[in-house]
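# Breakdown of the fold
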Amino acid sequence: MQNEATLSTSHANGKEALQAQIAGSFQAVEARISAACSSANRPRDSVRLLAVSKTVSADAIATAYALGQDCFGENYLQEALSKMPALAALEIEWHHIGPLQSNKTAAVAEHFAWVHGVDRLKLAERLSAQRPAQLPALNVCVQVNISGEDTKSGCAPEACLDLCHAIARLPRLRLRGLMALPAPAASLAEARAPFAALRRLSEQVQASGLPLDTLSMGMSDDLDAAIAEGSTLVRVGSALFGRRLAR
Ligand SMILES: *Cc1c(COP(=O)(O)O)cnc(C)c1O
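What counts and how
- Residues numbered from 1 in each chain as written.
- Predicted model: local features only at pLDDT ≥ 70, side-chain atom pairs only at ≥ 80, totals over all residues.
- Heavy atoms only, no water.
- Helix = DSSP H or I, 4+ residues; strand = E, 2+ residues; numbered from the N terminus.
- Buried < 20%, exposed > 50% of the residue type's maximum accessible area, 1.4 Å probe, protein only.
- Contact = heavy atoms within 4.5 Å.
- Areas by Shrake-Rupley, 256 points an atom, 1.4 Å probe, with all protein chains shown as cover.
- Lys, Arg positive; Asp, Glu negative; His and termini not counted.
- Charge placed at Lys NZ, Arg CZ, Asp CG, Glu CD.
- Core = buried A, V, L, I, M, F, W, Y, C linked by side-chain atoms within 4.5 Å.
- Pairing = 2+ DSSP bridges.
- Right-handed = clockwise from strand over helix to strand, strands pointing away.
- 1 Å grid on protein atoms, 1.4 Å probe; cavity = no way out; pocket = protein on both sides within 12 Å on 5 of 7 lines; lining within 4 Å.
- Points joined across faces, edges and corners; volume = space filled by probe spheres on them.
- Nonpolar A, V, L, I, M, F, W, Y, C, P; charged D, E, K, R; others polar.
- Near = heavy atom within 4 Å.
- Polar contact = N/O pair within 3.5 Å; in protein donor to acceptor, adjacent residues only side chain to side chain.
- Phe/Tyr/Trp six-rings, centres within 6.5 Å; stacked < 30°, edge-to-face > 60°.

### Re the overall build of the chain
A count of helical and extended segments in the chain gives 9 helices and 8 strands. Across the 247 residues of the chain, 47% fall into the buried class. Long-range contacts, defined as pairs at least 24 residues apart, comprise 59% of the intrachain contacts of the chain with a sequence gap of at least 6. Working note: accessible area of the chain is about 12,200 Å², and carbon and sulfur atoms make up 53% of it. Across the chain, the centroid of the 24 positively charged side chains sits 4 Å from that of the 24 negatively charged ones.

Right, here's the structure in full:
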């Protein structure tokens, strides 16, 4: 009995500690977003916080949800699918972020509301064809390799306009905007340059007749620079949930 009581107390403490920790980091990130918005003369509600929950337990996600966070970003399909059933009762908006392989598009089209890593037409065509008829159109951001250093994901800036127009014609997708994941920068000024480039590209796409409302840019280390350059959605993981172990 003694042991059981001790155990359950320490378990409760563990849970409370997790809640307090998550609440504290959400407050800190919220303060950074608010400060960045006010120095850019932007209303706070012009920036959405996407909580990146890769490697984060379903329990921690539920804890963040109880604090009012309702959109979460996941990179790895199998991991996301394994956490979703336990969270099915919550009204979570799931975003797929990061690289997407074409053999995973069907499950992504079925289980997510947004996809941020669309960088080629073939992916978009598959997502559109595979989006279940009873669900609303899938929200899509085109990922752009804006600073050219990561060769693996993102379309070339020169290819972005044509890709956006082709995606806008697909029936089951709703093109929302552009996304970028620039390499870590050494200074705030250096961090701002690729974000500014993505904003200008987005302005060109809009000037060509496509209405975009999303600039998905900024993470734990550079969300302030991204908001200064017009980000409407920051994707934040480690600043909310702690440093991830290497996967
Ligand atoms: C992991 C990840 C993030 C969050 O990164 P943090 O530095 O932990 O905030 C944002 N966007 C993408 C595409 C990611 O893969």
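### A few points about the nonpolar core
Side chains of a nonpolar character, in soluble globular proteins, are inclined to be buried together. Judged by nonpolar contacts, the single largest core of 62 residues is most densely connected at Val-142 and Leu-178. No other element matches the 6 residues that helix α1 (residues 2-39) contributes to this core. Setting aside residues up to four positions removed in sequence, Val-142 forms contacts with Val-118, Cys-155, Cys-160, Leu-163, Cys-164, Ile-167, Leu-175, Gly-177, Leu-178 and Met-179. Of all hydrophobic cores here, the second largest spans 5 residues; its members include Leu-50, Val-52, Cys-71 and Leu-233.

### Focus on the pairing of strand β3 (residues 93-96)
Here strand β2 (residues 71-74) runs beside β3; their pairing, made up of 4 bridges, is parallel. Directly across from Gly-73, in β3, lies its bridge partner His-95. One crossover worth recording links β2 to the parallel β3 by way of helix α3 (residues 77-83), and it is right-handed. One ladder, built from 2 bridges, connects β3 with strand β4 (residues 114-118); its direction is parallel. The residue bridging His-96 from the neighbouring strand is Val-115, located in β4.

### Section: the layout of surface pockets
Summary: where empty space remains is shown by rolling a probe the size of a single water molecule over the atoms. The volume enclosed by the largest pocket comes to roughly 750 Å³. Lining the largest pocket are 37 residues, and of these Lys-54, Leu-181, Met-219, Arg-235 and Arg-244 lie nearest its centre. Counted by class, the lining of the largest pocket contains 16 nonpolar, 10 polar and 11 charged residues.

### Remarks on the site of the ligand
In the vicinity of the ligand there are 14 residues, among which Lys-54, Asn-75, Ser-220, Gly-237 and Ser-238 approach most closely. A distance of 2.7 Å is found between an oxygen atom of the ligand and a side-chain nitrogen or oxygen belonging to Asn-75. In the model, a nitrogen atom of the ligand is placed 2.9 Å from a nitrogen or oxygen of the Arg-235 side chain. Taken by itself the ligand offers 390 Å² of open surface, and the protein chains cover 90% of this. Its residues assigned to classes, the shell around the ligand comprises 6 nonpolar, 5 polar and 3 charged.

### Points about the packing of aromatic side chains
According to the stated counting rule, one finds 2 aromatic pairs in the structure shown. Aromatic side chains Phe-26 and Phe-241 sit 6.0 Å apart centroid to centroid with 75 degrees between the ring planes, which places their arrangement in the edge-to-face category. Of this pair, Phe-26 sits in helix α1 while Phe-241 sits in helix α9 (residues 238-241), placing them 215 residues apart in sequence. A single burial state applies to Phe-26 and to Phe-241, both of which are buried.

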